Amino acid sequence: MTNVALTVNGERREADVEPRQLLVYFLRDDLGLKGTNVGCDTSSCGACTVLLDGESVKSCTVLAVQADGAEVTTIEGLATDGELHPVQQAFHEQHGLQCGYCTPGFVMATVSLLRENPSPTESEIRHALEGNLCRCTGYHNIVRAVEAAARAGA
């Protein structure tokens, strides 16, 4: 076992973990943050996307020990005082979800994208989100949601 200490959604968390434990399982199983979904375990789908020190990463590709000392933001950490984050609000308003399984990963990737590029073109949005898969929507409304979030200054 290895001790890790990281800040998750603004709260310092410390635990003993197996050196081979993936960050996604640490978040879900040890911390109870079920919004970060496991979709494929191969980094193909993006359902497990979180922010690691402000950058979007697929948490199924990061060991919990690699996140030691880092700041992690999950989908649960975006809303403030019961108010949806502007990206979450845009996904809701633009119907950028259907079953919702992939939505947390898309939202987290979008937050990262808009921090780096506050006014992306449609092509830039599609390129930035190509590592996230949705099996329901066909992506049109997801792109519209990102455009709406950008217009809102997310």
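Everything quoted here is computed from the prediction, not taken from an experiment.

Rules of the game
In this convention, every chain numbers its residues from 1, walking through the sequence in written order. Since the coordinates come from a predicted model, pLDDT governs what is reported: local features require at least 70, and pairs of side-chain atoms require 80 or more to be given and counted, while whole-chain, interface and lining totals use all residues. Side-chain metrics in this entry use all non-hydrogen atoms of the structure; hydrogen atoms and water are not considered. Residue exposure (1.4 Å probe, protein chains only): buried if accessible area is under 20% of the type maximum, exposed if over 50%, otherwise partly exposed. Strands are runs of DSSP state E lasting at least 2 residues, helices are runs of H or I lasting at least 4, and numbering of each runs from the N terminus. Here, residues are in contact when the closest pair of their heavy atoms is within 4.5 Å. Each axis is a line fitted through C-alpha atoms, and for a helix only the stretch in contact is used; angles between axes span 0 to 180 degrees, taken between their N-to-C directions. Angle categories are assigned with fixed cut-offs, so that under 35 degrees is roughly parallel, over 145 is roughly antiparallel, 65 to 115 is roughly perpendicular, and the rest are oblique. In a left-handed crossing the near helix is turned counterclockwise from the far helix by less than a right angle, and in a right-handed crossing that turn is clockwise. Only protein atoms enter the calculation, which uses a 1 Å grid: trapped sets of points that fit a 1.4 Å probe without letting it out are cavities, open sets showing protein on both sides within 12 Å along at least five of seven lines are pockets, and any residue with an atom within 4 Å of a point is a lining residue. Grid points are joined across faces, edges and corners, and a volume is the space filled by probe spheres set on the points. Residue classes follow a fixed rule: Ala, Val, Leu, Ile, Met, Phe, Trp, Tyr, Cys and Pro count as nonpolar, while Asp, Glu, Lys and Arg count as charged, and any other residue, Gly among them, counts as polar. Within this document, salt bridges are pairs made up of a side-chain nitrogen of Lys or Arg and a carboxyl oxygen of Asp or Glu, the two lying within 4 Å of each other.

1. Section: helix α1 (residues 23-30)
- All of the buried residues in α1 are L23, V24, F26, L27 and R28.
- Where α1 is buried, its residues touch β1 (2-8), β2 (11-17), β3 (49-52) and β5 (71-73).
- One or two positions beyond α1, positive phi appears at G32, with a value near 75°.

2. Considering the packing of helix α3 (residues 103-116) against helix α5 (residues 140-151)
- Two elements in contact, α3 and α5, have axes whose closest approach is 11 Å; the angle formed by their N-to-C orientations is 40°. Relative to α5, the element α3 is oriented oblique. Both α3 and α5 take part in a crossing whose hand is right-handed. Between α3 and α5, the residues in contact are F106, T110, L113 and L114 and I142, V146, A149 and A150, respectively.

3. Let's talk about empty space enclosed by the protein
- Applying the stated criterion across every chain, the model contains one cavity of 30 Å³ or more.
- Volume-wise, the largest cavity comes out at about 40 Å³.
- N37, V38, G39, C40, D41, S43, C45, G46, C48 and C60 together form the lining of the largest cavity.
- Taken together, the residues of the lining of the largest cavity break down into five nonpolar, four polar and one charged.

4. Notes on the pattern of salt bridges
- Tallied over the full model, the rule gives five salt bridges.
- In this structure, R12 engages E14 in a salt bridge whose closest nitrogen and oxygen atoms are separated by 3.9 Å. When sorted by exposure, R12 lands in the same class as E14, which is exposed.
- Here E122 ties to R126 by a salt bridge, and the two come within 3.0 Å at their closest N and O atoms. Of this pair, E122 and R126 both sit in helix α4 (residues 122-128), four residues apart, which is roughly one turn of the helix.

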